[in-house]
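Here are the chains, one letter per residue:
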Amino acid sequence: MLKLIDVETCYGNIRALKGISLNVAEGEIVSLIGANGAGKTTTLMTISGLVPISSGQIFFNNKRIEKTDPDKIVAAGISQAPEGRRIFPGLSVLENLEMGAFLRADQREIRKDMDYIFDLFPLLNKRRHQAGGTLSGGEQQMLAISRALMARPKLLLLDEPSLGLSPLMTNQIFEMIKKINSEQHMTIFLVEQNAYLALKLSHRGYVMENGFITLEGQAAALLTDNNVKKAYLGI
Ligand code: ATP
């Protein structure tokens, strides 16, 4: 479904991505793990068209998208829940969700998707009229994922869903990500510093270091890889 070939992205003189190649197949959860500053967020921003690519190719369902505008990428079926959540703090939960569906006109289906989200995250239902900015960190993360889902994407990009959350809340969010993948057959590309949780949840994984992909494989194999264990799992 998604294929990156030799992608380079620069911020001025800084080469954040140094020629990375990866792919995500339909129905998979694939994680990209790595330390702070490795280039994980830049990878997602490049896919979403929010940061310009310097060279390389990105295919989504066999179409080149690396020069496509961000709104067209959303319309094509890629939706991102960004790091730090970035919900609209002054808008209510309902309004935030409506914003996620801004490219859609199918009101009945939008309502259905909202009902699904409120089933998935009953807490959001309870707080539907509350301003996004007054939600807890975990609730804001739920809202960010839900807002991305409201675009009814084919591919969901998640940037550090565990960031700043308690272990309990992180587990809840990861359970929901698993559910969205299995119930909605949603394809998910997940960027995480919490390598253990990400690999536990995923089918496959990539390890990123200093702008390069240094390792890839089945998530179960990466979890037992000695280098991964030492560098990212603290064992
Ligand atoms: P983190 O987990 O801390 O978000 P990351 O793996 O997502 O890290 P990126 O945020 O993609 O890493 O950063 C990759 C490199 O690009 C880093 O060296 C970072 O300092 C640099 N970088 C990121 N954003 C910018 C920017 N807007 N301007 C200049 N350099 C940037």
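Everything quoted here is computed from the prediction, not taken from an experiment.

Caption draft 1: Summary view of the environment of R15. Tracing the backbone shows R15 in strand β2 (residues 14–24). Sequence separation between R15 and S54 is 39 residues, and the spatial gap between their C-alpha atoms is 9.2 Å. What R15 contacts, discounting residues up to four positions off in sequence, is E8, T9 and C10. A polar contact of 3.4 Å, which involves the side chain of R15, links it to the side chain of E8.

Caption draft 2: Just the sheet that holds strand β1 (residues 2–11), in detail. A sheet is described by the order of its strands in space; here four strands give the open sequence β2-β1-β4-β5, paired in antiparallel fashion. Either end of the sheet is taken by a strand with one partner, and the two such strands are β2 and β5 (63–64). This element, helix α1 (residues 40–47), spans β1, β2 and β4 (55–60) of the sheet and lies at about 110 degrees to β1.

Caption draft 3: Quick look at the site of the ligand. Surveying the vicinity of the ligand reveals 14 residues, the closest of which are N36, G37, K40, T41 and T42. Note that an oxygen atom of the ligand is positioned 3.0 Å from one of the backbone N or O atoms of A38. In isolation the ligand offers 630 Å² of accessible surface; the protein chains occlude 62% of this area. Contributions of two or more residues to the shell around the ligand are made by β2 and α1.

Caption draft 4: Focus on the pattern of salt bridges. A complete count under the given rule lists nine salt bridges for this structure. Close ionic contact of R104 with D113 constitutes a salt bridge, the shortest N to O distance being 2.8 Å. Comparing R104 with D113, the two get one shared label, buried. Of the residues examined, D113 reaches a relative accessible area of 12% and is grouped as buried. In the salt-bridge network here, residues are joined through shared partners; they are R104, D106, E109, K112, D113 and R152.

Caption draft 5: A look at the sheet that holds strand β10 (residues 212–218). In spatial order, the strands read β6-β7-β8-β3-β9-β10; together these six strands make up an open sheet with mixed pairing. What marks the edges here is a single partner per strand, and that holds for β6 (78–81) and β10. Recorded for the sheet is a direction-independent mean angle of 15 degrees between the axes of neighbouring strands. Looking at chain direction, strand β3 (residues 29–34) and strand β9 (residues 204–209) are connected through five bridges and run parallel. Along β9, the bridge assignment pairs L32 with Y206. Those strands touched by α1 are β3, β6, β7 (155–159), β8 (187–192) and β9, and its axis lies near 145 degrees from that of β8. Each of β3, β7 and β8 is contacted by helix α7 (residues 167–184), which is oriented at about 155 degrees to β8, the strand it contacts most.

Caption draft 6: Inspection of α7 at higher detail. Given a rise of 1.5 Å per residue, 18 residues ought to cover 26 Å, and the 25 Å separating the end C-alpha atoms of α7 matches this to within 8%. Restricting attention to buried positions, one finds in α7 the residues M169, T170, I173, F174, M176, I177, I180 and N181. Each buried residue of α7 sits inside an arc of 155 degrees when the element is viewed along its axis, so together they form one side. Of the exposed residues in α7, those oriented more than 90 degrees away from the buried face are P167, L168 and S182. Check the buried side of α7 and you find it contacts β3, α4 (107–120), α6 (137–149), β7, β8 and α8 (195–201). Trailing α7 by a residue or two, H185 shows a phi angle of about 55 degrees, which is positive.

Criteria and thresholds
- Residues numbered from 1 in each chain as written.
- Predicted model: local features only at pLDDT ≥ 70, side-chain atom pairs only at ≥ 80, totals over all residues.
- Heavy atoms only, no water.
- Helix = DSSP H or I, 4+ residues; strand = E, 2+ residues; numbered from the N terminus.
- Contact = heavy atoms within 4.5 Å.
- Polar contact = N/O pair within 3.5 Å; in protein donor to acceptor, adjacent residues only side chain to side chain.
- Pairing = 2+ DSSP bridges.
- Axes fitted to C-alpha atoms, helices over the stretch in contact; angles between N-to-C directions.
- Near = heavy atom within 4 Å.
- Areas by Shrake-Rupley, 256 points an atom, 1.4 Å probe, with all protein chains shown as cover.
- Salt bridge = Lys/Arg side-chain N within 4 Å of Asp/Glu carboxyl O.
- Buried < 20%, exposed > 50% of the residue type's maximum accessible area, 1.4 Å probe, protein only.
- Expected span 1.5 Å × (residues − 1).
- Arc of directions from axis to C-beta.

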